[in-house]
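Structural overview for review
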Amino acid sequence: MIRLSTPQASTLPAEIRPFSDLTRTLGTPGFPGALLDCLGQWAACQHFSVLRMDGARPQLLAAGTRHPDTNLVLRCGQAYIEHYHRYDPLFEPLKAAPGQVGHLVAQDIRHGPYREAIYQRNGMIERLSSVYLDEQARPVQFNLYRHHDQGYFNDRELQMCEALSPALLQLLRGHLALKALHPVKDPRQQLLQRCPDLTTQELNICIRLLQGMTHAGIAADLGIKESTVKTYRNRAFDRLGIHFRSQLFALFS
């Protein structure tokens with residue numbers, strides 16, 4: 001006898017339901033929040049980041065936060081990309097052993113400016129990381145963070161994160177692949193929809209900032225002075241009602 005039925009998520013065992021909810025959000029804007037909700041069943045984390053560590057500068061591929069400061073993860077990610085990735089003590093060991101989980105406590109970071117800018121200034125005390133290699137053999141790093149108000153990971157939480165890591169890395173791989181099939185529309189259009197008064201040069205500056213370029217790099221690319229880049233940036237930010245690069249990224253997150 002042929003039988004049809006409607007799947008009911010409520011009938012799933014409680015321990016399976018978070019993963020079911022997470023897989024339904026793959027490739028969608030709901031994935032970051034669902035990932036943190038899923039992890040929260042076993043280890044509370046206030047935010048995560050995913051970076052492709054390839055070439056001269058890493059690229060931020062995904063991020064999510066439960067922290068009251070919604071720009072914190074983007075602000076830290078940008079500082080890491082621009083200044084501090086070369087001082088990360090976890091990356092090289094993880095790159096040499098993809099799939100393993102690295103554990104870092106803030107006070108053990110030797111490079112003072114990195115420790116101050118990313119961890120102490122933002123109240124972060126601990127990080128768990130793992131790396132996988134994408135289809136082009138480029139290392140992709142997944143980071144989970146704890147803040148001082150949560151305290152340190154306990155042994156049970158560390159064990160669960162290690163056990164879940166292979167599945168999480170595969171889910172991240174799938175999410176990023178699906179997201180690439182349905183990219184967001186041209187950021188130029190989104191910026192103009194938000195603020196039709198943006199000039200061509202202001203748009204050019206904002207788009208390059210979104211691509212992770214430095215002020216010096218934008219100046220060289222557009223054939224203008226670095227001071228001119230900053231002038232156009234400030235004008236664009238005024239029109240958009242923002243003050244920082246992290247807020248520009250937040251418009252597209």
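Along every chain, residues carry numbers that run from 1 in the direction the sequence is written. Confidence filtering applies because this is a predicted model: local features only for residues at pLDDT of at least 70, side-chain atom pairs given and counted only at 80 or more, and all residues used for totals across whole chains, interfaces and linings. Heavy atoms throughout the structure, all of them, feed into the side-chain values; hydrogens and water do not.

As recorded by an unreviewed UniProt entry, the chain carries the name LuxR C-terminal-related transcriptional regulator and is attributed to Pseudomonas kermanshahensis.

**Quick look at the pattern of salt bridges**
A side-chain nitrogen of Lys or Arg and a carboxyl oxygen of Asp or Glu constitute a salt bridge if their distance falls within 4 Å. Applying the stated criterion across every chain yields a total of nine salt bridges. Residues Arg-138 and Asp-134 are paired through a salt bridge, measuring 2.8 Å at the closest nitrogen-oxygen approach. In this scheme, a residue with accessible area under 20% of its type's maximum is buried, one over 50% is exposed, and one in between is partly exposed, where area comes from a 1.4 Å probe on protein chains only. The class of Asp-134 is buried, set by a relative accessible area of 10%. A salt bridge links Glu-135 to Arg-173; the shortest N-O distance between them is 4.0 Å. You can see Glu-135 sitting in the loop between strand E4 (124-133) and strand E5 (139-147) and its partner Arg-173 sitting in helix H6 (residues 155-181), a full 38 residues away along the chain. Residue class for Glu-135 comes out exposed when judged on its relative accessible area of 61%. Numbering goes from the N terminus for both helices and strands, where a helix is a DSSP run of H or I of at least four residues and a strand is a run of E of at least two.

**As for the sheet that holds strand E3 (residues 101-105)**
Taken in spatial order, the five strands make up an open sheet running E2-E1-E5-E4-E3, and their pairing is antiparallel. Edge positions in the open sheet fall to strand E2 (59-65) and E3, since each of these has one partner strand only. Taken over all neighbouring pairs, the strand axes of this sheet differ in orientation by 15 degrees on average, direction set aside. Here the rule is simple: two strands pair whenever DSSP picks up at least two bridges between them. In this structure, E3 lies alongside E4, joined through five bridges in antiparallel fashion. Axes, fitted as lines to C-alpha atoms, cover a helix only where it is in contact. Angles between the N-to-C directions of the axes lie from 0 to 180 degrees.

**Some words on H6**
Multiplying one less than the number of residues by 1.5 Å gives the expected span of a helix. Here H6 spans 39 Å end to end across 27 residues, near enough to the 39 Å set by a 1.5 Å rise per residue. One axis is fitted to the seven residues ending at the residue and one to the seven starting there. The bend at that residue is the angle between these axes. Along its length, H6 reaches its greatest deviation from straightness, about 50 degrees, at Ser-165, and the proline Pro-166 lies no more than four positions downstream. Considered for burial, the residues of H6 that qualify are Glu-157, Leu-158, Met-160, Cys-161, Leu-164, Ser-165, Leu-168, Leu-169, Leu-171, Leu-172, His-175 and Leu-176. Polar contacts, as used here, are pairs of N or O atoms within 3.5 Å; protein pairs need one atom able to donate a hydrogen and one able to accept it. Residues neighboring in sequence count only if both atoms are side-chain atoms. The backbone nitrogen of Arg-156 lies 3.1 Å from a side-chain oxygen of the residue at the head of H6, namely Asn-154.

**Some remarks on the packing of aromatic side chains**
For this analysis, a ring pair means two rings from Phe, Tyr or Trp (six-membered ring only for Trp) whose centres lie within 6.5 Å, classed as stacked if their planes differ by under 30 degrees, edge-to-face if by over 60, and tilted for the remaining angles. Taken as a whole, this structure holds five aromatic pairs when the rule is applied. When the ring of Tyr-114 is compared with that of Tyr-119, the centres are 5.8 Å apart and the planes differ by 80 degrees; the resulting orientation is edge-to-face. What makes Tyr-114 buried here is its relative accessible area of 1%. Here the aromatic residues Tyr-80, Tyr-84, Tyr-114 and Tyr-119 are joined through ring pairs into a cluster of three or more.

**Quick look at the environment of Lys-225**
Take Lys-225: it is sitting in the loop between helix H9 (215-222) and helix H10 (226-240). Assessed through its relative accessible area of 63%, Lys-225 is described here as exposed. Lys-225 sits ten residues away from His-215 along the chain, and the two C-alpha atoms are 9.2 Å apart.

**Some remarks on the layout of surface pockets**
Size it by volume and the second largest pocket reaches roughly 230 Å³. As defined here, a cavity is a set of points on a 1 Å grid over the protein atoms alone where a 1.4 Å probe fits but cannot get out. A pocket is an open set with protein on both sides within 12 Å along at least five of seven lines, and residues line them when an atom is within 4 Å of a point. Around the second largest pocket sit Arg-75, Gln-78, Ala-79, Glu-82, Thr-214, His-215, Phe-244, Arg-245 and Ser-246, which together line it. Mapped by element, the contributors of at least two residues to the lining of the second largest pocket are helix H3 (72-84) and helix H11 (245-250). A total of four residues in the lining of the second largest pocket trace back to one element, the largest contributor, which is H3. For this scheme, ten residues count as nonpolar: Ala, Val, Leu, Ile, Met, Phe, Trp, Tyr, Cys and Pro. Four count as charged, namely Asp, Glu, Lys and Arg, and the remainder, Gly too, count as polar. Residue composition of the lining of the second largest pocket, grouped by class: two nonpolar, four polar and three charged. Grid points are joined across faces, edges and corners, and a volume is the space filled by probe spheres set on the points.

**Observations concerning the nonpolar core**
We call a set of buried residues a nonpolar core when its members are Ala, Val, Leu, Ile, Met, Phe, Trp, Tyr or Cys and they connect through side-chain atoms within 4.5 Å of each other. Counting 28 residues, the largest nonpolar core has Leu-22, Leu-35, Phe-48, Val-50, Phe-142, Leu-144 and Leu-172 as its most contacted members. Elements supplying a minimum of two residues to this core: helix H2 (31-39), strand E1 (47-52), E2, E4, E5 and H6. Broken down by element, this core gets its largest block of residues, nine residues, from H6. Contact criterion: two residues are considered in contact whenever any of their non-hydrogen atoms come within 4.5 Å of each other. Residue contacts for Leu-172: discarding those within four places in its chain leaves Phe-31, Leu-35, Val-50, Tyr-132 and Phe-142. Core analysis: the second largest hydrophobic core is formed by 21 residues, Leu-72, Tyr-84, Ala-106 and Tyr-114 among them.

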